Amino acid sequence: MENKQALLATKVPNELRFEIVINTLSESEIEPFKHIYSIEQVTDINPPIPQPEID
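Residues numbered from 1 in each chain as written. Predicted model: local features only at pLDDT ≥ 70, side-chain atom pairs only at ≥ 80, totals over all residues. Heavy atoms only, no water.

On a plain count of helices and strands, the protein comes out with one helix and two strands. Listing the helices and strands of the protein from first to last along the sequence gives β-β-α. Looking at the protein as a whole, 5% of its 55 residues qualify as buried. Once local pairs closer than 6 in sequence are excluded, the contacts in the protein between residues at least 24 apart make up 14%. Carbon and sulfur atoms make up 59% of the accessible area of the protein, which totals about 5,500 Å². (Helix = DSSP H or I, 4+ residues; strand = E, 2+ residues; numbered from the N terminus. Buried < 20%, exposed > 50% of the residue type's maximum accessible area, 1.4 Å probe, protein only. Contact = heavy atoms within 4.5 Å. Areas by Shrake-Rupley, 256 points an atom, 1.4 Å probe, with all protein chains shown as cover.)

A grouping of L7, F18, I20 and I22 is seen on the molecular surface, where their side chains present a nonpolar patch of about 450 Å² in accessible area. A per-element tally of the nonpolar patch places strand β2 (residues 18-25) first, with three residues. Mapped onto the elements, I20 comes out in strand β2. (Patch = residues over 30% accessible without salt bridge, like charges linked within 9 Å, V, L, I, M, F, W, Y side chains within 5 Å. Salt bridge = Lys/Arg side-chain N within 4 Å of Asp/Glu carboxyl O.)

Let us look at the packing of aromatic side chains. Going through the model one piece at a time under the given rule, you end up with zero aromatic pairs. Lying over the aromatic face of F18, K11 brings its terminal NZ or CZ to 6.0 Å of the ring centre. (Phe/Tyr/Trp six-rings, centres within 6.5 Å; stacked < 30°, edge-to-face > 60°. Lys NZ or Arg CZ within 6 Å of the ring centre and 35° of its normal.)

Counted by the stated rule, this structure contains two salt bridges. The shortest N-O distance in the salt bridge between K34 and E27 comes to 2.9 Å. Exposure remark for K34: the relative accessible area of 40% places this residue in the partly exposed category. Residues E31 and K34 are paired through a salt bridge, measuring 3.5 Å at the closest nitrogen-oxygen approach. Pair noted here: E31 and K34 are both in helix α1 (residues 27-45), with a separation of three residues, about one helical turn.

Quick look at the confidence of the model for the protein now. Of the residues in the protein, 82% have a pLDDT of 70 or more, and the chain-wide mean is 78. Mean pLDDT across the elements of the protein bottoms out in α1 (79) and peaks in β2 (85). (pLDDT = per-residue confidence, 0-100.)

All right, on to unusual backbone geometry then. In the Ramachandran plot, N14 falls in the positive-phi region, its phi being about 65° despite a non-glycine side chain. Looking at where N14 falls in the secondary structure, it is placed in the loop between β1 (4-11) and β2. Given the relative accessible area of 81%, N14 is considered exposed.

Here it is, written out as structure tokens:
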């Protein structure tokens, strides 16, 4: 089984310092993220239909 690394770097505006988090994920841990990403891609292409407001 191949592990992959996920990197997150954040920086507060007007600061010189970055905060970097590295996670090593197994393939089974990556699968949920792939699923969420694919759902977001479909949502970006086909945005949800606005629902009428109920008074």
